[in-house]
Amino acid sequence: MNKKKISLTVLILTYNEEIHIQRCIKSVYKFAEQIIIIDSYSNDQTLKLCKKYNKKIKIYKKKFTNHSDQLNFALQKKIKTKWLLRIDADETVDENFFINFYKIKNLNKYNGLNIIIEHNFLGDRVSFGGVYPSNQIRIWKNKHGKFDGKPMDEKIILETQKIYNSKLRIIDNNLKGFFFWINKHYRYAKQEAKLYFLIKHKKINYNKNDKKFTQKIFYYKFPIFLRPVLLFFYRYIAKKGFLDGVVGIKFNFMQTLYYRFLVDCFIMIYLIIGNKTNKN
């Protein structure tokens, strides 16, 4: 196999990812011409581990605002390759990812590839509940798009929508444990609440073909605090999340009921603060 057949740069965002970063880099290293790391000032061994691969890696530091801003910052760097791959530090590509990538016929007809994302929750695979298959544009042609600026659920916006629905797979498997998950989703809930107000006040642009985001807009039309319960039963019963067994109930309870309830709590807090500010 000719490893130089496709010219590719990999983009990775990092913050204290010493437990993941080598696993991620090793999964793409042989096939990437360049790997760009955008680090949010890690204070662990992340950058030291990255520098072990410095033949291909370029490291930049930027204070974190949101994922979209970090990735657009990466796109401003000097990138000569034809294609870009975005992968999170706690992800790896499937072992046959690049073999199958090279087999795609008439690849140059497209400017983006939908990739299947496999999800794991605390080490266990999640296959039902509407989570799998989850498709995201993770490969696109250089200089053909930028990220949309949303505080959550950022998407690459391509100049023209010539998307190939591939069977390539990326595996999401965070190893940091339950308490990290709780802290991360506490932060995410704050960002999601901000996204809600952008949606409510129609201050956000999005692609109407983005099915996931249009579903989110529909979700927020339901009453606050009731919608997490409705979504839980939709995912766990209607979308057969129960077929995942024990991990199914854990995932749907935490990712849907707990997380979405937390988002609504922040929305309510922001509404109360906003009303008090307006009265004053």
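Here, the structure is the one placed above.
Remember, predicted model here, so these are calculated numbers, not experimental data. (Residues numbered from 1 in each chain as written. Predicted model: local features only at pLDDT ≥ 70, side-chain atom pairs only at ≥ 80, totals over all residues. Heavy atoms only, no water.)

Asker: Give me the overall build of the chain: which residues, what numbers.
Answerer: A tally of helices and strands in the chain yields eight helices and 11 strands. Relative to a compact globule of 280 residues, whose C-alpha radius of gyration would be 19 Å, the chain shows 19 Å and is just as compact. Considering only C-alpha atoms, the chain reaches an extent of 60 × 45 × 40 Å along its principal axes. Classification of the 280 residues of the chain by burial places 48% in the buried group. Within the chain, residue pairs in contact and separated by at least 24 positions form 73% of the contacts whose partners lie at least 6 positions apart. Per element, the accessible surface of the chain, about 15400 Å² overall, is 54% carbon and sulfur. Across the chain, the 54 positively charged side chains and the 22 negatively charged ones have centroids separated by 5 Å. (Helix = DSSP H or I, 4+ residues; strand = E, 2+ residues; numbered from the N terminus. Rg over C-alpha atoms; globule rule 2.2 N^0.38 Å. Buried < 20%, exposed > 50% of the residue type's maximum accessible area, 1.4 Å probe, protein only. Contact = heavy atoms within 4.5 Å. Areas by Shrake-Rupley, 256 points an atom, 1.4 Å probe, with all protein chains shown as cover. Lys, Arg positive; Asp, Glu negative; His and termini not counted. Charge placed at Lys NZ, Arg CZ, Asp CG, Glu CD.)

Asker: Can you explain the side chain of Asn252? Please cite residues and give values.
Answerer: Inspection of the secondary structure puts Asn252 in helix 8 (residues 246–279). Here Gly248 takes part through its backbone oxygen, which lies 2.7 Å from a polar atom of the side chain of Asn252. (Polar contact = N/O pair within 3.5 Å; in protein donor to acceptor, adjacent residues only side chain to side chain.)

Asker: Give a detailed account of the nonpolar core, specifying residues and quantitative values.
Answerer: Ranked by internal contacts, the top residues of the largest apolar core, which has 33 residues, are Ile12, Leu85, Phe98 and Phe101. Breaking this core down by element, the ones donating at least two residues are strand 1 (8–14), helix 1 (21–28), strand 2 (34–39), helix 2 (46–50), strand 4 (83–86), helix 4 (97–102), strand 6 (112–121) and strand 11 (163–172). Beyond its immediate chain neighbours, meaning those up to four positions away, Phe101 contacts Ile6, Leu107, Leu113, Ile139 and Leu168. (Core = buried A, V, L, I, M, F, W, Y, C linked by side-chain atoms within 4.5 Å.)

Asker: Break down helix 6 (residues 211–219) for me, with residues and values.
Answerer: When helix 6 is considered as a whole, its buried residues turn out to be Phe213, Lys216, Ile217 and Tyr219. For helix 6, the angular spread of the buried residues around the axis is 160 degrees, confining them to a single face. Every exposed residue of helix 6 that faces more than 90 degrees away from the buried side is listed here: Lys211 and Phe218. (Arc of directions from axis to C-beta.)

Asker: Before we move on, could you go through the packing of aromatic side chains and cite the residues and values that matter?
Answerer: Evaluated as defined, the whole model comprises 23 aromatic pairs. Residues Phe218 and Phe222 carry aromatic rings whose centres are separated by 5.3 Å and whose planes lie at 90 degrees to one another, so their mutual orientation is edge-to-face. Summarising the aromatic geometry, the rings of Phe232 and Phe233 are spaced 5.4 Å apart at their centres and angled 80 degrees between planes, so their arrangement reads as edge-to-face. Given the relative accessible area of 10%, Phe232 is considered buried. Phe233 sits in the partly exposed class, given a relative accessible area of 48%. Members of the aromatic cluster, each reached through a chain of ring pairs, are Tyr186, Tyr196, Phe197, Tyr219, Tyr220, Phe266 and Tyr270. Over the ring of Tyr29 we find Lys56, and its NZ or CZ is 4.6 Å from the ring centre. (Phe/Tyr/Trp six-rings, centres within 6.5 Å; stacked < 30°, edge-to-face > 60°. Lys NZ or Arg CZ within 6 Å of the ring centre and 35° of its normal.)

Asker: So what's going on with a nonpolar patch on the surface? Which residues, and what values?
Answerer: A surface patch of nonpolar side chains, about 880 Å² in accessible area, is lined by Phe128, Phe218, Phe222, Leu226, Val229, Leu230, Phe233, Ile237, Phe242 and Leu243. Sorting elements by how many residues they give to the nonpolar patch places helix 7 (residues 227–238) first, with four residues. Mapped onto the elements of the fold, Leu230 is located in helix 7. On the accessibility criterion, Leu230 (38% relative accessible area) is partly exposed. (Patch = residues over 30% accessible without salt bridge, like charges linked within 9 Å, V, L, I, M, F, W, Y side chains within 5 Å. Salt bridge = Lys/Arg side-chain N within 4 Å of Asp/Glu carboxyl O.)

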